[in-house]
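Residue-level structural notes
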Amino acid sequence: MNHASNGLDTFWKFTGFYNLMSNPSNLIMIAVGLFFIFLAIKYDYEPLLLIPIGTGVILGNIPFAEGYQIGLYEKGSVLNYLYFGVQQGVYPPLIFLGIGAMTDFSSLISNPKLMILGAAAQVGIFATFLGASALGFTAQEAGAIGIIGGADGPTAIFLSSKLAPTLMGAIAIAAYSYMALVPVIQPPIMRLIIPKEERLIKMKPPRAVSKVEKIMFPIIGLLLTTFISPSALPLLGMLFFGNLLKESGVTERLADTARNSMINIVTILLGITVGASTQADYFLTTASLKIFGLGAVSFMVATAGGLFFARLMNLFLKGDNKINPLIGAAGVSAVPDSARVVQHEGLKNDPNNHLLMHAMAPNVSGVIGSAVAAGILLSFLL
């Protein structure tokens with residue numbers, strides 16, 4: 001009986017119910033994980049991201065007895081091994097490879113001036129860098145937080161793994177949360193900044209792009225961007241490599257693997273481990289709350305920057321060369337969600353005004369721009 005009693009006592013001390021008493025804040029994070037899953041299923045907000053992340057948040061906050069290689073932050077645990085790909089920046093370049101293999105750069109090639117809108121939206125990154133510095137974060141931490149303004153989760157993880165690994169969980173969750181909330185955050189800003197008459201502007205169809213142009217673009221883009229920002233080579237190199245696989249026409253099997261099986265596997269591992277990194281005793285801090293606030297401001301400033309610059313460009317364009325300023329909101333690198341939001345807003349104002357292909361130009365240039373910005377910050381701050 002004594003042996004049975006000791007066994008039951010040991011069993012009780014291993015249960016989540018017992019360990020919850022020492023850290024009840026785990027329940028807050030479990031509720032956050034359930035909320036992410038709810039948003040993904042009920043409102044279709046980035047379900048491929050929010051369901052793995054939400055599940056990871058729940059996994060990372062199940063109370064457990066420490067010292068038995070269970071939690072993500074315990075060396076030797078399964079989650080810790082999977083988290084290696086986040087800590088060392090392995091997963092983001094693989095995500096970029098898949099993005100490159102599924103992205104059509106034709107709209108950008110046909111109208112290269114729209115690349116400026118992708119660059120203009122990066123103002124959110126540098127504005128947030130200044131804001132984070134003012135709130136007491138170190139220069140390295142401020143740089144990692146600022147990249148949230150690009151609405152690019154993989155880039156945020158890559159940069160924070162180098163500059164601010166202790167803040168990676170909060171930065172990654174903030175970046176992916178605001179990516180998922182693009183349909184909620186951007187439309188009010190678009191309506192506030194762009195007058196009704198400018199939302200009705202119709203753009204002429206993009207010109208046809210030749211196969212040679214499609215093949216040359218990733219090669220030239222790779223050389224140009226990596227010479228400007230070599231620190232971003234892991235991201236940009238994989239992005240343009242994936243696109244070359246797609247456009248070359250002779251490596252379809254590799255391109256298909258990159259844009260389907262591989263990116264799906266990496267997305268699952270990335271989402272689960274990033275979510276699990278939000279273990280309450282590591283995540284629920286004042287710094288995390290500041291990061292979420294700065295991330296929201298960063299994303300709104302980035303959206304506004306693209307919209308204002310689009311309006312500015314129209315001052316120098318004539319006739320049917322004018323652009324619909326709504327596409328400036330797609331300058332953030334939330335591909336293709338920002339472009340879809342632009343399309344939706346355009347159709348709300350004119351059911352015959354289709355802006356999706358035009359919006360994809362600043363959208364994909366935003367991906368490139370955020371990676372270049374990350375490389376610049378890395379070279380300055382590392």
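A few points on the structure. (Residues numbered from 1 in each chain as written. Predicted model: local features only at pLDDT ≥ 70, side-chain atom pairs only at ≥ 80, totals over all residues. Heavy atoms only, no water.)

What about the overall build of the chain?
- In terms of helices and strands, the chain carries 21 helices and 0 strands.
- Its C-alpha atoms give the chain a radius of gyration of 22 Å, within 12% of the compact-globule value 21 Å for 382 residues.
- Taken over the C-alpha atoms alone, the chain extends approximately 90 × 45 × 40 Å along its principal axes.
- Counting every position in the chain, which comprises 382 residues, the buried fraction comes to 56%.
- Partitioning the intrachain contacts of the chain with sequence separation of at least 6 by distance along the chain shows that 76% fall at a separation of at least 24.
- Per element, the accessible surface of the chain, about 17000 Å² overall, is 70% carbon and sulfur.
- In the chain, 22 positive and 19 negative side-chain charges are present, and the distance between their average locations comes to 8 Å. (Helix = DSSP H or I, 4+ residues; strand = E, 2+ residues; numbered from the N terminus. Rg over C-alpha atoms; globule rule 2.2 N^0.38 Å. Buried < 20%, exposed > 50% of the residue type's maximum accessible area, 1.4 Å probe, protein only. Contact = heavy atoms within 4.5 Å. Areas by Shrake-Rupley, 256 points an atom, 1.4 Å probe, with all protein chains shown as cover. Lys, Arg positive; Asp, Glu negative; His and termini not counted. Charge placed at Lys NZ, Arg CZ, Asp CG, Glu CD.)

Considerations on the layout of surface pockets
- Volume-wise, the largest pocket comes out at about 960 Å³.
- Forming the walls of the largest pocket are 36 residues, and the residues nearest its centre are E46, L48, V335, P336 and D337.
- Of all the secondary-structure elements, those providing two or more residues to the lining of the largest pocket are α4 (47-60), α6 (91-102), α12 (168-180), α13 (182-193), α17 (252-276), α20 (337-349) and α21 (356-381).
- Partitioning the lining of the largest pocket into residue classes produces 24 nonpolar, 5 polar and 7 charged. (1 Å grid on protein atoms, 1.4 Å probe; cavity = no way out; pocket = protein on both sides within 12 Å on 5 of 7 lines; lining within 4 Å. Points joined across faces, edges and corners; volume = space filled by probe spheres on them. Nonpolar A, V, L, I, M, F, W, Y, C, P; charged D, E, K, R; others polar.)

Comments concerning the environment of L49
- Note that L49 resides in helix α4.
- Look at L49 and you get buried, because its relative accessible area is 13%.
- Between the alpha carbons of L49 and I171 there is a distance of 15 Å; along the sequence they are 122 residues apart.
- Each residue touching L49, except ones within four places of it in the same chain, is listed here: Y176, M179 and T267.

Looking at the packing of α6 against helix α16 (residues 233-248)
- At their nearest, the axes of α6 and α16 sit 6 Å apart, and the two run at 30 degrees to each other. Between α6 and α16, the crossing angle belongs to the class labelled roughly parallel. The interaxial crossing formed by α6 with α16 has right-handed handedness. The segment α6 lies against α16, with P92, P93, F96, L97, I99, G100, A101 and M102 engaging P234, L235, M238, L239, F241, G242, N243, L245 and K246.
- Across the contact of α6 with α16, the residue classes tally to 13 nonpolar, 3 polar and 1 charged. (Axes fitted to C-alpha atoms, helices over the stretch in contact; angles between N-to-C directions. Parallel < 35°, antiparallel > 145°, perpendicular 65-115°, else oblique. Left-handed = near helix turned anticlockwise from the far one by under 90°.)

A few points about the packing of α16 against α21
- Between α16 and α21, the least distance of the axes is 9 Å, while the angle of their chain directions is 155 degrees. As the angle between them shows, α16 and α21 are arranged roughly antiparallel. Taking contact as the criterion, the partners of L235, L236, L239 and F240 in α16 are, on α21, V367, I368, A371 and V372.
- Split into classes, the residues belonging to the contact of α16 with α21 amount to 8 nonpolar, no polar and no charged.

Structural notes on helix α11 (residues 153-163)
- Within α11, 10 of the 11 residues are buried, which leaves it mostly tucked inside the rest of the structure.
- Those residues of α11 not exposed but buried are G153, P154, T155, A156, I157, F158, L159, S160, S161 and L163.

Side note on a nonpolar patch on the surface
- A contiguous nonpolar surface patch, about 820 Å² in accessible area, is contributed by V212, M216, I219, I220, L223, L224, F227 and I228.
- By the element assignment, I219 lies in helix α15 (residues 211-228).
- Assessed through its relative accessible area of 33%, I219 is described here as partly exposed. (Patch = residues over 30% accessible without salt bridge, like charges linked within 9 Å, V, L, I, M, F, W, Y side chains within 5 Å. Salt bridge = Lys/Arg side-chain N within 4 Å of Asp/Glu carboxyl O.)

Details of the pattern of salt bridges
- Within the structure shown, the criterion is met by 8 salt bridges.
- For E213, the salt bridge goes to R207, with nearest N and O atoms at 2.7 Å.
- A relative accessible area of 26% places E213 in the partly exposed class.
- A salt bridge links K246 to E247, with the shortest nitrogen-to-oxygen separation between them at 2.9 Å.
- Classification of E247 as buried rests on a relative accessible area of 8%.
- One salt-bridge network, held together by shared partners, links R191, E345 and K348.

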